[in-house]
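A closer look at the structure
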Amino acid sequence: MRSCLLLVILLVPQLSAAAANRVPVSKLLDQMIRRSTLAEPGGTPFYLKATITDKDDAKSEFNGTLEEYWLSPTKWRRVVKLRDFSQTRIVNGDQIYEENIGDYFPVHDEMLANEIVDPLAKPAVDLMNQLGLMGAEPGSGQGQCMAEKYFNNSEGRETRVLLAYDCNTGLLIYLWSPTCCYGVMTDYRKFHKKMIAYATKDDPINIRVDTLKDLDSPDESLFAISQPTPPSKRVVTENLTETEARTFLVDNTEVQWPTVSKNPPEKSITVNIVIGRDGRVKEAQTYSPVENAIEDAALTAVRKWTFQPQNVDGVPAQISTSMALPFPADYQKVDASQPQVRPLFDRMRTTGDLRLDGAPAFHMKASFHSEDGSAKGTYEETWISPKKWRREVTMNDTTVVEVRTETAFYRTFPGKYAPRVADDVMDAISFSLPGDDGSDLHDADWSVTDTKLANLPVLRLSAGYINPQGKPDPLARLFFVEDKTAFLRGRYHYSAITVFNDLQPFADKNVARKLTIVGSSAGKIEIAIDTLEPAAKVSEEIFALPGVKPVYTSDAEDQRFTQPVAVYTVKPSIPGWHGQVTCAVKIDEHGHVRDVDVKGTADEAVIKPIRTALMSWEYEPATINGHPSLGFVQVNVQ
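Calculation rules
In this convention, every chain numbers its residues from 1, walking through the sequence in written order. Owing to the predicted nature of the model, reporting of local features is limited to residues with pLDDT of at least 70; listing and counting of side-chain atom pairs is limited to 80 or more, with chain, interface and lining totals taken over all residues. Side-chain metrics in this entry use all non-hydrogen atoms of the structure; hydrogen atoms and water are not considered. Here the term patch refers to residues with relative accessible area over 30% and no salt bridge, with like charges joined within 9 Å and nonpolar side chains (Val, Leu, Ile, Met, Phe, Trp, Tyr) within 5 Å. Residue-level accessible areas treat just the shown protein chains as cover; the underlying method is Shrake-Rupley with a 1.4 Å probe. We define a salt bridge as a contact between a side-chain nitrogen of Lys or Arg and a carboxyl oxygen of Asp or Glu at a distance within 4 Å. Numbering of helices and strands starts at the N terminus; helices are DSSP runs of H or I of at least 4 residues and strands are runs of E of at least 2. Each residue is placed in one exposure class: buried if its accessible area under a 1.4 Å probe, protein chains only, is under 20% of its type's maximum, exposed if it is over 50%, and partly exposed if it falls in between. Definition of nonpolar core: a set of buried residues of the types Ala, Val, Leu, Ile, Met, Phe, Trp, Tyr and Cys, connected through side-chain atoms within 4.5 Å. Any two residues having at least one pair of non-hydrogen atoms within 4.5 Å are treated as being in contact. Arc definition: it is the arc formed by the directions from the helix axis to the C-beta atoms. On a scale of 0 to 100, pLDDT captures the predictor's confidence in every residue. Aromatic pairing here means that ring centres of Phe, Tyr or Trp (its six-membered ring) are within 6.5 Å. Orientation follows from the plane angle: under 30 degrees is stacked, over 60 is edge-to-face, and everything else is tilted. Charge-over-ring contacts are defined here by two conditions on Lys NZ or Arg CZ: a distance within 6 Å of the ring centre and an angle within 35 degrees of the ring normal.

Let us look at a nonpolar patch on the surface. On the surface, a nonpolar cluster with roughly 230 Å² of combined accessible area is contributed by Y417, Y568 and V570. Among the structural elements, V570 can be located in the loop between β35 (565-568) and β36 (581-587). Note on V570: relative accessible area 32%, which makes it partly exposed.

What follows is the structure, encoded as structure tokens:
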């Protein structure tokens, strides 16, 4: 949204810290809420009518009106009418009525409708209070005062919160946090004992109050609800991080980057997008300082992207997020001598990939054990082609079997979910490389860095977020490869690193016979490839699993998206804690939880037990076109 760049506009003279007393921002926020929030508990009942305008387009889908009748935080009626969408929402006690005409509620309009009556959103207020910000006390200077702080969020990303206010009056000018990004509040007028902002400015889309008056003798029929609207019929909008959103990205059209006269100042362009309940991009905009041709190319591609539709608490949801698109190498003036990603992966396939189309069939046996003794077992694989193979892990009297035939994929195990250690071992031995058999490989998504792996000089090929301290996001992908030989020596996947040692020749390849997984659910796991031989006289019976239904078949790829479904849960134990938090849970294609982001608190005594408990949950995985897929769910803990 445009307001994310308003810091340039707001840089007027500030009151220095030495010229005023410093007070907790929590005190400032309490004062602002009491002075400028219409929809405050105990506030005066009001009627408000406002106009929302796209300053650049008189026929824009964002243009419309807002009308609100408000008696209390638990009794109000709001009507929003836009070009392509309208909503009537009534709240009366614990009952909610919502009538929506149209499929998509533009997020900026939804935000403005909330902001004009409640400019200090609770999630942003709670975050600033938890961070302990300090600000200049109003009344002893002129201009704009700011309270801000940079911090690393749960993903390790540097994040900013900022509160801008009038140094003299203490009235809110601007608020920025990861949960909201509002325009400049302006045209303050008195309403009873409050000072209310009648408008926002400097955004592409702004709101202006046309009428604000007391709601005298309200007609009770305005708030009557004969039949509450079930949650599944309401419109919900959720803010997600880029990492979360990319877990359910289905199709990302590649950007056709134009030739430019001047390289951009950054290595990527950030695009703010809103995904509709159908999984399609409804809004895309960027405010990165780039040439118009670059901006147009990025937006044109992103508007064609599709995502797996998402639910929040079981309700189909609109999703607001941001995506960073890396620029091509020639934009970034990359050293021509630096290896490029696609040729490196091609060399890695040539030197060590056993499972390519046309490769000779093989039979493999391996044994493994965890350092803590909790897991011990065997792995066996018979591979004929990319569409015909069988893999089996036996561990602690549990067997997980996967079979691929020309027309179907099967997976079977006892109980409701497979042990994640078994899947970790299977994946460490049998994974594929980006670009294998025609799979997507977008060079711009990857970077190449010189590094070391256990004192061995290697190139690190990485895609996904890595924080300034070098810690990768759980869903990032990293490969460690020797430059001269193109031998794969390490792989990072779901927070664990697999190291490949004891490389030996087999069928014109060099294959690691010793593997070590560090960071798995069982800690450290040692794997030894005991047998690797050509597959001879393979019986067709091993590819048959009587009574087992296929996970998917080649003629069932038009199935719709499905969400993960919990099959095992455990409640966190937090003695003495009373509250509620929302957790963003990332689930792999086998249904194992791979990351948990606890939102709504900064208290590690609360975050740690919640995260530990939810990391042990198990799910039926999400599916895309019938195929198991990464998934994302929101879990409320209280």
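Our focus in this paragraph is the nonpolar core. Across soluble globular proteins, nonpolar side chains have a tendency to be buried as a group. Core analysis: the biggest nonpolar cluster contains 48 residues, and F345, I429, L461, F479 and I527 have the highest contact counts within it. It is helix α7 (residues 420-430) that provides the largest number of residues to this core, a total of six residues. Setting aside chain neighbours within four positions, we find I527 in contact with A366, S367, F368, V425, A428, I429, R513, K514, L515 and I517.

Glancing now at helix α3 (residues 122-131). Listing the buried residues of α3 in full gives A124, V125, L127, M128 and L131. Axial view of α3: buried residues confined to an arc of 165°, hence all on one face. Downstream of α3 by one or two residues, G132 has phi in the positive range, about 65°.

Another point: the confidence of the model for the protein chain. Looking at the protein chain as a whole, the pLDDT averages 85, with 91% of positions reaching at least 70. Below pLDDT 50 for its whole length, residues 1-19 participates in 55 contacts with residues either more than four positions away or in separate chains.

For the coordinates displayed, the defined rule picks out 17 aromatic pairs. Aromatic pair W305 and F307: ring centres 6.5 Å apart, planes at 50°, arrangement tilted. Across the pair, exposure class does not vary: W305 and F307 are buried alike. Summarising the aromatic geometry, the rings of F409 and Y552 are spaced 5.5 Å apart at their centres and angled 25° between planes, so their arrangement reads as stacked. Taken together, the residues span a long stretch of sequence, with F409 in strand β26 (residues 408-412) and Y552 in strand β34 (residues 552-553) at a distance of 143 residues. Each member of the pair, F409 as well as Y552, carries the same accessibility label: buried. One aromatic cluster in this structure is built from F345, F431, W446, F479 and F500. Directly above the ring of W389 sits R391, whose terminal nitrogen or CZ lies 3.7 Å from the centroid. Above the face of the F431 ring, R491 is positioned so that its terminal group lies 4.2 Å from the ring centre.

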